[in-house]
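Commentary on secondary and tertiary structure
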Amino acid sequence: MATLEDQLALEREMLQIGADAFVSRMNKRREQGMESLSTHGDVLAAMGVDRIIRDLRKHRHAMRDGRAGRGYAHMGPLLQLAPHKIAAVAMRVVIDQLTQAPKFQALAYALAERLWLETMLARASEYELKSHQRVRRRFAHKRADAMRMKNSEIWTPQEKLSVGVFLVHLVESHTGLIEVYQERGAMRTVKRVRATDAALEWVRNAEEQQRLLCPFALPTIVPPRDWSDPLTGGYWTEGLPGNTLFKDNGDLIAAQSSEFDAFLVAANIQQGVAWRVNGWMLDQVSHAWDKSLPIGGLLPRAGHVIPPYPKHLADDDEGVTAWRHTARMLHDRNDREAGKRFTAAKQLWVARRLRDEPALYFPVQCDFRGRYYYRPPYLQPQANDIGRSLLSFANGTPINTEAEADWLRIHGANTYGHNKLTWAGRVAWVHEHQLEIEAAGREPWCNQDFWAGAKDPWQFLAFCRAYQQFSQHGYGWVCHHPVVLDCTCSGIQHYSALLRSEEMAALVNLTPSEAPRDIYAVVLQRVLDLVRADAAAGVEHATRWLQLSPDRTLAKPVVMTIPYSATRQAVVNFCHGWANDRAGEVLGRDNWCFKRGAMSTHHYMATILYRETSALIAPAKAAMSWFRKVGKAAGKLGLALRWTSPSGVPVIQEYWDYSGVRVRLYHLSPVPMDLLTNHQPTQLNAKRMGNGLSPNVIHSLDASHMAAVTIEAHAAGVRNLGGIHDCFATTPAEMATLRTTIRSTFAGMYTRDWFTPIADELVSQLPPDVQAKLPPRPSLGGFDPQLVNNADYFVT
């Protein structure tokens, strides 16, 4: 068994891994001339920008008025881009070369070249920008592409040099980051630019601090320290960076809480659950990774292979055109999926590193709403399909009855994609496919076609192994496999109970029923009825959408996110992405999604989806509107809003306005980005305060439910418990108890009217005159929360 000394050694390794990774990133950024994209680069880039902008505006006014000025004759390009963008480009370029001591003229010319590129991209069309993003990162290729754009123009060498020299001197005079000096050589004197001693010292201190502030969090090999308060617990090393229960406002929450608060008790129970690496699954995932097999979320290790250029064809041949299209598509796909491949590599590294540990524990952390997250990234119970499949409970429980075995079967059907069947239907599906399941558990690579087609293929394969072992050993077999039940659209479930809405409650399985209800299918059916009617009337948008055969995957994200204040534009963006993906699968590239006018068709579907979902959850929409008014009013007054969640968390919502000057740069980062020049905001963002209040209240409620479930289930004897907000995992033998607890705690929590005290607490923080202008509160319906106790499909 691991000792505390072993754990402290592991935490020292965490610090070293984090420090090494930081140094590697910094060295790579410096080699690539991208130091400004570092954390300290962002801070440096904001230093003096406001003063540079003011000075630029003064010179631009003088140039427009025709006044004389040194170099004005060749500085016309400074009038072609907004001052804040010019300042941002100047700061970024200078910081990228801060530690290189470049020649003054070379730095000035490089700055002007990049300013030219940003100026040309700012006037490019949307199509030209999308095409430009596919061009390789090297500056010469970016510049050549920009030269071909319709509205591009040439700056003379004299203009570039004059503009660059002027901007370098502005940075020098207004920031104190650089100084221009003369370097005397044997043959001639060279003017160079170097960082000032103060800037170098600041960078050294910032880098040293960041090396220590970014430990690579790993699971612990002994139980984490219990949280005695929100500031003390978790990892064992004193002063480990970030080792607090709450990411923000920890001191304030600690001052208002005690060790007996439900959120603190639940945190200790959750992080005290012992897990371990599933060695058999690690072997299977590793095999697929090494062979570059794209299964589920596991992508080819080196990316998708781009076919070789067809040299035997003429350059204008259709085959070459098709190859270029395929190559570009695969390049784009590999770029988009780079993060997923990195995550898979990290998951496998952590699993291999800790494979032989008999028990692993995951210290928890909360966001400001009280939602629980496991601190270690990549490999943890809240991970993706691959990460979850690699973990099992360290302390299994025996399967002794058919009812307990059925929970294992239900989990298997769920992971395959049959979670909308009845309980009996799911059990029957597993019995029907028992031979294939057991074969996959014995020889997965001889039966890949079966299990790889599951909704969550890696978790399903882990189930196949567990079920095969259970079938082989029979009753009494100790099962370590986590089985999972998930709430149905939990945002609307909480709104239904909070507002006592009988109509919404029936849609999301808060009431007894013989089969699970599917709100996503209900919304989809309403949408399809309207679309089919429009198609029959000759509406081209409707006909186009029917070609894609929409299913519940179109409705699900929309229904899930609208209760969390998703905007209509967000729905448009989702419809766009969904249609493009589906069209590529069923229609190929030569279809309406990739032709002019497609966006109006996406808007058509987004309008119907948003309207029908909103109509179906009208009480929730009314509450969201009321919360938005309260939040916006508080934001305008500069008031941070506070309320107390059912689990005792003093929630503090304060979204500061960082909008000082936002600069969208297209070249000076791998993706378009915003540069903030106002790092010390003095006021709240009223819009974010309004939009954020409703989802934050709901999140604080589902976090409270998770805390209640954790405490009550533990008291009822459940020792294996994992949670992901509205998703609960335990062993098959413990699932019946956990399921009963999930329903009883939800019913118990909402037996009390929580809308009134939370609304009272929020409104009381506003001045009386503002309170008087608020719209009436939503009225509560007649739903009885105790019905949840008999709702078979509250969690499915």
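Bear in mind the structure is a predicted one, so any value in this text is a computation, not a measurement.

Focus: the overall build of the protein
Across its full length, the protein holds 32 helices and 17 strands. A compact globule built from 796 residues should have a C-alpha radius of gyration of about 28 Å, and the protein, at 30 Å, falls within 12% of that. Each principal axis of the C-alpha atoms in the protein carries an extent, and together these give about 90 × 70 × 65 Å. Residue burial in the protein is summarised as follows: out of 796 residues, 52% are buried. The long-range share in the protein, meaning contacts at least 24 apart out of those at least 6 apart in sequence, stands at 73%. Positive and negative charge centroids in the protein, built from 90 and 81 side chains respectively, lie 8 Å apart.

A closer look at the packing of helix H29 (residues 686–715) against helix H30 (residues 732–751)
The geometry of H29 relative to H30 is characterised by a closest axis approach of 9 Å and an angle of 130° between their N-to-C directions. Between H29 and H30, the angle is such that the two are oblique. Where H29 crosses over H30, the handedness of that crossing is right-handed. Where H29 approaches H30, its residues Leu701, Ser704, His705, Ala708, Val709, Glu712 and Ala713 are matched on the opposing element by Leu738, Thr741, Ile742, Thr745, Phe746, Met749 and Tyr750.

Quick notes on the state of the cysteines
One pass over the structure, following the stated rule, counts zero disulfides. The thiol of cysteine 575 is not disulfide-bonded; the next cysteine sulfur, from cysteine 593, is found 11 Å away. Note on cysteine 575: relative accessible area 0%, which makes it buried. Residue class for cysteine 593 comes out buried when judged on its relative accessible area of 6%.

A short note on helix H14 (residues 338–353)
Spanning 16 residues, H14 covers 23 Å between terminal C-alpha atoms, matching the ideal 22 Å at 1.5 Å per step. Residues of H14 that are buried: Arg341, Ala344, Gln347, Leu348, Val350 and Ala351. Each element contacted by the buried residues of H14 is listed here: strand E5 (275–277), helix H12 (279–290), helix H13 (318–336) and helix H15 (385–389).

What about the sheet that holds strand E16 (residues 722–723)?
Reading across the sheet, the three strands line up as E11-E17-E16 and stay open at both edges, with antiparallel pairing between neighbours. The two strands at the open ends of the sheet, each matched to only one other strand, are strand E11 (483–486) and E16. Pairing between E11 and strand E17 (residues 727–730): four bridges, direction antiparallel. Each residue of the ladder has a partner; that of aspartate 486, found in E17, is cysteine 727.

Considerations on the packing of helix H4 (residues 83–96) against helix H8 (residues 157–175)
Contact pair H4 / H8: the axes reach a minimum separation of 10 Å and the direction vectors enclose 85°. Taken together, the axes of H4 and H8 lie roughly perpendicular to each other. Contact residues: H4 offers Ile86, Ala90, Met91 and Val94, while H8 offers Leu167, Val171 and Thr175. Of the residues in the contact of H4 with H8, the class split is six nonpolar, one polar and no charged.

Structural notes on the side chain of aspartate 145
As for its position among the elements, aspartate 145 is in helix H7 (residues 139–147). In contact with aspartate 145, other than residues within four places in its own chain, are His132 and Val135.

Things to note about the side chain of glutamine 271
Within the secondary structure, glutamine 271 sits in helix H11 (residues 262–271). One polar contact links the side chain of glutamine 271 to the main-chain carbonyl oxygen of arginine 225, over a distance of 2.8 Å. Those residues in contact with glutamine 271 that sit more than four places away from it in its chain are Pro224, Arg225, Asp226, Trp227, Gly234, Tyr361, Phe362, Pro363 and Val364.

Here's the deal with the packing of aromatic side chains
This model, assessed by the stated rule, comprises 28 aromatic pairs. On the numbers, 5.5 Å between centres and 75° between planes, the contact of tryptophan 445 with tryptophan 451 is edge-to-face. Here tryptophan 445 falls in the partly exposed class, since its relative accessible area comes to 25%. Members of the aromatic cluster, each reached through a chain of ring pairs, are Tyr416, Trp429, Phe450, Phe460, Phe463, Tyr467, Phe470 and Tyr475. One residue, lysine 160, lies across the ring of tryptophan 116, its end atom 5.8 Å from the ring centre. A cation sits over an aromatic face here: lysine 247 above tyrosine 373, 4.7 Å from the ring centre.

Considering the pattern of salt bridges
Two side chains of opposite charge can pair, provided their charged atoms sit close to one another. Within this structure, the stated rule accounts for 27 salt bridges. For arginine 611, the salt bridge is made with glutamate 612, and the minimal N-O distance between the two is 3.5 Å. One connected set of salt bridges, linked through shared partners, spans Glu113, Arg143 and Lys160.

Quick word on the nonpolar core
In this structure, Trp458, Tyr495, Ile519, Trp545 and Leu609 are the most contacted members of the largest nonpolar core, which totals 163 residues. Tryptophan 545 has contacts with Pro550, Leu554, Cys575, Trp578, Ala579, Trp592, Thr601, His602, Tyr604 and Met605, leaving out every residue within four places of it along the chain. In terms of nonpolar packing, the next biggest core, distinct from the first, is built from 50 residues, Ala45, Val93, Leu129 and Leu177 among them.

Here's the deal with the environment of serine 496
By secondary structure assignment, the location of serine 496 is in helix H21 (residues 490–499). Owing to a relative accessible area of 0%, serine 496 belongs among the buried residues under this scheme. A sequence separation of 124 residues divides serine 496 from alanine 620, and the C-alpha atoms of the two residues are 7.5 Å apart. Sequence-distant contacts of serine 496, that is, excluding residues within four places in its chain, are made with Ser501, Met504, Ala505, Val508, Leu510 and Phe783. Engagement of the side chain of serine 496 in a polar contact is seen with the backbone nitrogen of alanine 505, the distance being 3.5 Å.

What about unusual backbone geometry?
Backbone geometry places alanine 101, a non-glycine residue, at a positive phi of 50°. Following the sequence through the fold, alanine 101 ends up in the loop between H4 and helix H5 (104–122). We note that serine 292 has phi near 55°; this positive angle belongs to a residue other than glycine. Secondary-structure assignment places serine 292 in the loop between H12 and H13. Under the relative-accessibility criterion, serine 292 is labelled partly exposed at 29%.

Comments concerning the pairing of strand E2 (residues 189–195)
Consecutive side chains of a regular strand alternate in pointing toward one face of the sheet and then the other. When strand E1 (residues 178–184) meets E2, the two strands line up antiparallel, connected through seven bridges. Directly across from glutamate 179, in E2, lies its bridge partner arginine 194. Hairpin connection, E1 to E2: the antiparallel pair is bridged by four residues.

Some thoughts on a positive patch on the surface
Together, Lys629, Lys632, Lys636 and Lys687 give the surface a local cluster of positive charge. Mapping lysine 687 onto the fold places it in helix H29. Of the residues examined, lysine 687 reaches a relative accessible area of 61% and is grouped as exposed.

Definitions and limits used
- Per chain, the residues get numbers from 1 upward, laid out in the order the sequence is written.
- In keeping with the predicted nature of the model, local features appear solely for residues at pLDDT of at least 70, side-chain atom pairs appear and are counted solely at 80 or more, and the whole-chain, interface and lining totals rest on all residues.
- Hydrogens and water molecules were not included; the side-chain quantities draw on all heavy atoms of the structure.
- Only DSSP runs of H or I covering at least 4 residues are called helices, and only runs of E covering at least 2 are called strands; the numbering of each starts at the N terminus.
- Only C-alpha atoms enter the radius of gyration, while the globule expectation follows 2.2 Å times N to the 0.38, with N the number of residues.
- Only protein chains enter the accessibility calculation, which uses a 1.4 Å probe; a residue whose area is less than 20% of its type maximum is buried, one above 50% is exposed, and one in between is partly exposed.
- We call two residues in contact when some of their heavy atoms are within 4.5 Å.
- When charges are counted, Lys and Arg contribute as positive and Asp and Glu as negative, whereas His and the chain ends are disregarded.
- By convention, the point assigned to a charge is CZ for Arg, NZ for Lys, CD for Glu and CG for Asp.
- Whenever a helix is involved, its axis is fitted only over the stretch in contact; in every case the axis is a line through C-alpha atoms, and angles between N-to-C directions fall within 0 to 180 degrees.
- Working definition: roughly parallel below 35 degrees, roughly antiparallel above 145 degrees, roughly perpendicular at 65 to 115 degrees, and oblique for all remaining angles.
- Two helices crossing with the near one rotated counterclockwise from the far one by less than a right angle form a left-handed crossing, whereas a clockwise rotation gives a right-handed crossing.
- Note on terminology: disulfide denotes any pair of cysteine sulfur atoms within 2.5 Å.
- Multiplying 1.5 Å by the helix residue count minus one yields the expected span of that helix.
- Whether two strands pair depends on DSSP finding at least two bridges between them.
- Polar here means any residue outside two lists: the nonpolar Ala, Val, Leu, Ile, Met, Phe, Trp, Tyr, Cys and Pro, and the charged Asp, Glu, Lys and Arg; Gly therefore counts as polar.
- Counted as a polar contact is a pair of N or O atoms within 3.5 Å, where, for protein atoms, one must be capable of donating a hydrogen and the other of accepting one, and residues adjacent in sequence contribute only when both atoms are in side chains.
- In this scheme Phe, Tyr and Trp rings, the latter by its six-membered ring, pair at centre separations within 6.5 Å, and the angle between planes marks the pair as stacked below 30 degrees, edge-to-face above 60, and tilted otherwise.
- Over a ring means this: the NZ of a Lys or the CZ of an Arg is within 6 Å of the ring centre and within 35 degrees of the ring normal.
- The rule for a salt bridge is simple: a side-chain nitrogen of Lys or Arg has to be within 4 Å of a carboxyl oxygen of Asp or Glu.
- Side-chain atoms within 4.5 Å link the members of a nonpolar core, which is a set of buried Ala, Val, Leu, Ile, Met, Phe, Trp, Tyr and Cys residues.
- Like charges are joined within 9 Å and nonpolar side chains (Val, Leu, Ile, Met, Phe, Trp, Tyr) within 5 Å, but only among residues with over 30% relative accessible area and no salt bridge; these make up the patches.
- All accessibility values rest on the Shrake-Rupley procedure with a 1.4 Å probe; residue burial counts only the protein chains present in the view.

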